[in-house]
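Chain by chain, the residues run as shown.
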Amino acid sequence: MKQSDVVVRTAAIASEVAAKHAADVDKASRFPAETFAALKQAKLLSAAVPKSHGGAGAGMLELGHQCAALAEGCGSSGMVLAMHHIQVACLARHGLGTPYFDRYLRENLVERQEVVASITSENGTFGDTRSSICAVQVDGDKLKLDKDATTVSYGAHADAQLVTCRRTAESAASDQVLVLFEKGTYTLDQTGTWDTLGMRGTCSPGAKFSGHGGAEQILPGLFADSSAQTMVPYSHILWSALWWGIASDALGRAAQFVRGEARKKPGTVPPNAVRLARANVDLQAMRHNWESCAIEFDELGDDRAPLDQMAWALRMNQLKMSASEMAPKLVHEALQIIGIMAYKNDSKFTVGRHYRDVLSAALMVSNERIAGKSASMLLVFKDD
Ligand SMILES: Cc1cc2nc3c(=O)[nH]c(=O)nc-3n(C[C@H](O)[C@H](O)[C@H](O)COP(=O)(O)OP(=O)(O)OC[C@H]3O[C@@H](n4cnc5c(N)ncnc54)[C@H](O)[C@@H]3O)c2cc1C
């Protein structure tokens, strides 16, 4: 497949910048600053902004390949880029046509290449993104919001926060809206640490958020719609793509190792080459799974109605569960194929970081929680 300019330029940054700093980012649990400086310089952070507003107007398939390419160099970088695109997509698909968001897309996201973080998780609701305790308080044309967040990725490094909350203090937990807060209009007081097994470069500690601003910062429409039509599909497809990128890099190391073994004994096929061949079957299936969802999403164009339906919600849940469970299996296969040289942290064949990074996949919106939602839908869903 011929890749787009966005993907090719991101792949170059992945190998020339992200991969070089990945071990240190992981070890120090620090933000991949060099990678994001390079993406900003190359104006690749506005890939998801529509062309009408100066962005690259990349569709889901292109963004998936961009995130996967970056994740091949550094999993945390791939995840931060994916999370940024998810927020940008919400703003672009639901805010377009309002003066505030039109300006924000053009000036902040395209001209200044700013980074947007997400605050959905909350103490008391945890992984249930579709319920909030906090509520936005609107007084005339002003608003304020306080939120006790459990996990805020790259919050301290971002230029804005997109926050879920209840629509009013009287609203039900699921009656939510999204509110955008630009730097200078909020404080984020870190309440915990981010010393995790993997995805250490996402820098995602808990934080108490407090923001204020104007009522125009509320994204038009309900979060019920932006979640189903944008946040869930972008999250599950882009995450699956980047988890695939991590698994692909681990199996790439295994392939390199096996080729080295073959060179030592010309004319023979090393025994672990068969295991590598089998692992590639699953890697291909994993890729086709997220790609086919991305293609279907892109083909819908402006027709959002199918995204509100149960068939699509089930498909997204199934993709997320499948990719998040397959990625650790494939990295495990790479470890078995390479052996001790993959187990050593200081070997060029190490897959330790890959392994630890993909273990977050099943937790990042718990698969058990997602399976529970699918189970309820399947009780009533009829496939026609
Ligand atoms: C790398 C990373 C980055 C993140 N970045 C952000 C971010 O930027 N912003 C943000 O808001 N959040 C972020 N999160 C949080 C994430 O999206 C989830 O909200 C969080 O990981 C869920 O936490 P939890 O496991 O405690 O919650 P829960 O979903 O409540 O799960 C807790 C436990 O309950 C079980 N469980 C839950 N529901 C069910 C059910 N229905 N049936 C059976 N068992 C169930 C689960 O299996 C799990 O064992 C991030 C998480 C990770 C790993």
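Coordinates for the structure precede this section.
We now turn to the structure provided with this report. It should be emphasised that the depicted structure is a prediction, and the values quoted were computed from it without experimental measurement.

1. Considering the state of the cysteines
In step 1: Evaluation of the coordinates by the stated rule reveals zero disulfides.
In step 2: Looking at C67, it has no disulfide partner, and the nearest cysteine sulfur is the one in C74, 13 Å off.
In step 3: C67 gets classed as buried once you look at its relative accessible area, which sits at 0%.
In step 4: Of all cysteine sulfurs in the structure, the one in C165 sits closest to C134, which takes part in no disulfide; the separation is 5.2 Å.
In step 5: Look at C134 and you get buried, because its relative accessible area is 7%.

2. A word on helix α6 (residues 223–264)
Every α-helix winds through 3.6 residues per turn, so residues three or four apart in the chain are directed the same way.
In step 1: When the terminal C-alpha atoms of α6 are compared, their 58 Å separation across 42 residues agrees well with the 62 Å that a helix rising 1.5 Å per residue should span.
In step 2: Taking the largest bend as the criterion, α6 deviates by roughly 35 degrees, centred on M231, and proline P233 comes between one and four positions later.
In step 3: The buried fraction of α6 amounts to 31 of the 42 residues, a majority that puts the element mostly inside the structure.

3. Observations concerning the layout of surface pockets
In step 1: Volume-wise, the largest pocket comes out at about 1,200 Å³.
In step 2: For the largest pocket, the lining is made up of 48 residues, of which G127, T129, W239, M364 and V365 are closest to its centre.
In step 3: For the lining of the largest pocket, the secondary structure elements donating two or more residues are α4 (75–95), α6, α8 (310–338) and α11 (367–380).
In step 4: Residue contributions to the lining of the largest pocket peak at ten residues, all from α6.
In step 5: Of the residues assigned to the lining of the largest pocket, the class counts are 22 nonpolar, 20 polar and six charged.
In step 6: When its volume is computed, the second largest pocket comes out at roughly 340 Å³.
In step 7: Taken together, 16 residues make up the lining of the second largest pocket; nearest its centre are A58, R93, Y234, F297 and G301.

4. Topic: the site of the ligand
In step 1: The immediate surroundings of the ligand are formed by 19 residues, with S118, T120, S121, S153 and R369 found nearest.
In step 2: Contacts to the ligand include S118, whose backbone N or O atom sits 2.9 Å from a nitrogen atom.
In step 3: Within the complex, the protein chains bury 67% of what would otherwise be the 970 Å² of accessible surface of the ligand.
In step 4: In this structure the site holding the ligand corresponds to the largest pocket.
In step 5: Listed by contribution, the elements that provide at least two residues to the shell around the ligand are β1 (116–119) and α11.

5. Re the packing of helix α7 (residues 272–300) against α8
In step 1: At their nearest, the axes of α7 and α8 sit 10 Å apart, and the two run at 155 degrees to each other. In terms of their interaxial angle, α7 and α8 are classed as roughly antiparallel. The way α7 lies across α8 gives a crossing that is left-handed.
In step 2: Tallied by class, residues from the contact of α7 with α8 come to 15 nonpolar, five polar and five charged.

6. Overview of the side chain of Q113
In step 1: Its location among the elements puts Q113 in the loop between α5 (99–111) and β1.
In step 2: A polar side-chain atom of Q113 sits 2.8 Å from a polar atom in the side chain of S46.
In step 3: With residues near it in sequence (within four places) discarded, Q113 still touches L39, K40, K43, L44, L45, S46 and N108.

Cut-off values and rules
Residues numbered from 1 in each chain as written. Predicted model: local features only at pLDDT ≥ 70, side-chain atom pairs only at ≥ 80, totals over all residues. Heavy atoms only, no water. Disulfide = S-S within 2.5 Å. Buried < 20%, exposed > 50% of the residue type's maximum accessible area, 1.4 Å probe, protein only. Helix = DSSP H or I, 4+ residues; strand = E, 2+ residues; numbered from the N terminus. Expected span 1.5 Å × (residues − 1). Bend = angle between axes of the 7 residues up to and from the residue. 1 Å grid on protein atoms, 1.4 Å probe; cavity = no way out; pocket = protein on both sides within 12 Å on 5 of 7 lines; lining within 4 Å. Points joined across faces, edges and corners; volume = space filled by probe spheres on them. Nonpolar A, V, L, I, M, F, W, Y, C, P; charged D, E, K, R; others polar. Near = heavy atom within 4 Å. Polar contact = N/O pair within 3.5 Å; in protein donor to acceptor, adjacent residues only side chain to side chain. Areas by Shrake-Rupley, 256 points an atom, 1.4 Å probe, with all protein chains shown as cover. Sits in = over half its atoms within 2 Å of the grid points. Axes fitted to C-alpha atoms, helices over the stretch in contact; angles between N-to-C directions. Parallel < 35°, antiparallel > 145°, perpendicular 65-115°, else oblique. Left-handed = near helix turned anticlockwise from the far one by under 90°. Contact = heavy atoms within 4.5 Å.

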